Amino acid sequence: LNNLFKHTSLETSFSVNMLAIDNRRPRLLNVKDAINCYIEHRREVVLRRTRYLLRKAESQAEKLEAFLLAIAHLDEFIEIIRSSSNREEAFNRLKAYHFPVETARGLGILIRGQPSIVGERYIFTDVQVNHILELRLYQLTGLEREKVKADYDRILAEIEDLMDILAKEHRVLTIIKEELQAIKNRFGTPRLTTIQAAEGEIRMEDLIANKSTVVTLTHRGYIKRTDAAEYRTQARGGKGLKGMETRDTGAEDEEADFVEHLFAASSHDYLMFFTNSGRVYCHRVYAIPEMSRTGKGRSIKNLLNLRPDERIAAVLRLESLADDEESVWREDRFVVFATTDGIVKKTALSAFRNIRKDGINAINLAEDNHLVSVVLTDGEREICLVTHEGQAVRCKETDVRPMGRTAAGVKGVNTAAEDNVVSLTVVDFERQLLVVSEKGLGKRTPFADYRLTKRGSKGVITMNITEKTGKVVSALAVADGDEIMIMTTSGQSVRIPVSGIRECGRNAQGVKLMGLREGELIQDVAIIIADDGEDAEEGDADLPESAAPQEGEEA
């Protein structure tokens, strides 16, 4: 349907020239400006109408006040008129007749600064004197006097309401809303078509298949995405496939490069890139250049406005489940950070909703500290920190209070001087903790085997570190149906099922996951989410999955 919209006349686009006179000058308006100008126009209409009605009400009130005062002093006024030789003399004598303000207030007259009030005296205006002289006899009856008082009370209520409108802006806006609603109710009909912005007539993601991809990022900042189907499934212990064209990591080669980050994501997902300086950037997966499995990739500086001294330290994937962005930046999700020196920090995901193109601050890092891992949680989970020397700390996430974007965090694990944190995972008792060493050994251990401790403790052993195993490089929460991708410092990759990795105790060395060449080490490990219907290929013939473990594989 989206392609029909794009390539046929089933959907029609048209432009609107919003050139208008605004404040006596021609101006090209967008939709928002046009709405604001209309609201300002209606506001001026309401204010001018209110002032006009107030003037009319004041004029009527002035006449009724004269009647009320004349009726209250009827005998005196009749005597003045009867004793005057002509209208002019009667006019002047009535004009000179003064009342105390309290007398007028006692008759129910509202004192509001009208022209009749001079100091503490109520003095008739010329208009009021003329109204008194034109007063008819029938208006002096009791019924007519009650009618005058009722009319005056009604006019006073109207004056007070009109003055309140002029004094309060929200009253003006409320009137505008009510009048527009009345117009809508009278003339509104259901729209038979849909009007959309020209730039969003068809969103980019509507024309892009939401398929599983593998995103790789090298140490020197080359990034690419590859269809996950290009990586075939192999048995553990295989030599792997060439996954990315990187430069040789020889000691004398200053341009050496290696894969530093690898993860699986769908095309419509969001990626949050966290840098070594504590800043975060956001990008869609489909906007990352797609290349073959052996492609080198494109510099990430072509995608993100990185500062000269910045490099990517961690990447977080935000799953896009619906078109509504609220499903991505949810209020009940938190971002948990872990740094090399054992610091952890928890910040609400909604705090990163408005990430600018130039990035925003995500965490305040000390000069000798670096970001290791970032995970998403619901605020009530347990987390597990794994160190390079094979120690693990399992603690409650509630031990870490939520903090602002630029906060530094609190101590999560008490590391030794030569040790550092390599991984942060969310505890899931339906999964196991997969620990992988730099020399290709790995094992699965249930989270229940790690006792719950307080944050800031030294932790318990998670892998028996020996010269054969090497140090721990990564730890992931995995299930039997998962597959993982392992990549080395030279760019070699192997994709194996988690079910082929033996489940061992905490203090075990594990089994061999990947065969390494001389000087080659494991660099990164990630879980791969296979596409529906993807067929797993058989592993290397030299090392079938049913082969027995090599000597020393299991402690």
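Above: the structure in question.
Residues numbered from 1 in each chain as written. Predicted model: local features only at pLDDT ≥ 70, side-chain atom pairs only at ≥ 80, totals over all residues. Heavy atoms only, no water.

## Points about the pattern of salt bridges
Overall, the coordinates contain 25 salt bridges when judged by the stated rule. As a salt-bridge pair, R42 and E179 come within 2.6 Å of each other at their nearest N and O atoms. Of the two residues, R42 is situated in helix α2 (residues 31-72) and E179 in helix α8 (residues 169-187); the sequence distance between them amounts to 137 residues. Put simply, R43 and E169 hold a salt bridge, and the shortest N to O gap is 2.9 Å. Separated by 126 residues along the polypeptide, R43 in helix α2 and E169 in helix α8 bring together distant segments of the chain. You can call R43 partly exposed: its relative accessible area is 23%. (Salt bridge = Lys/Arg side-chain N within 4 Å of Asp/Glu carboxyl O. Helix = DSSP H or I, 4+ residues; strand = E, 2+ residues; numbered from the N terminus. Buried < 20%, exposed > 50% of the residue type's maximum accessible area, 1.4 Å probe, protein only.)

## Side note on the sheet that holds strand β15 (residues 343-348)
The strand order β17-β14-β15-β20 describes an open sheet built from four strands, whose pairing is antiparallel. Strands at the two margins of the open sheet, each flanked by one partner only, are β17 (371-377) and β20 (410-411). Pairing of strand β14 (residues 334-339) with β17 involves six bridges; the strand directions are antiparallel. What sits directly across from A338, in β17, is S373. (Pairing = 2+ DSSP bridges.)

## Describing the nonpolar core
With 32 residues, the main nonpolar core has F77 and F124 as its most contacted residues. Of all the secondary-structure elements, those providing two or more residues to this core are α2, α3 (74-83), α4 (87-95), α5 (101-106), α6 (126-133) and α7 (142-167). Counting residues per element, this core draws most heavily on α2, at nine residues. One finds A313, L316, A362 and I363 within the second-largest nonpolar core, a separate group that totals 22 residues. (Core = buried A, V, L, I, M, F, W, Y, C linked by side-chain atoms within 4.5 Å.)

## Structural notes on the packing of aromatic side chains
Counted under the stated rule, the structure contains six aromatic pairs. Taken together, a centroid distance of 5.2 Å and an interplanar angle of 80 degrees make the contact between F77 and Y97 edge-to-face. Of this pair, F77 sits in helix α3 while Y97 sits in the loop between α4 and β3 (98-100), and the two are 20 residues apart along the sequence. Taking the relative accessible area as the measure of exposure, F77 reaches 3% and is therefore buried. You can call Y97 buried: its relative accessible area is 18%. (Phe/Tyr/Trp six-rings, centres within 6.5 Å; stacked < 30°, edge-to-face > 60°.)

## Some thoughts on the sheet that holds strand β19 (residues 391-396)
Here four strands make up an open sheet; going across it, the order is β21-β18-β19-β24 and the pairing antiparallel. What marks the edges here is a single partner per strand, and that holds for β21 (421-426) and β24 (460-461). Pairing of strand β18 (residues 382-387) with β21, which is carried by five bridges, proceeds in the antiparallel orientation. The residue of β21 that forms the bridge with V386 is S423.

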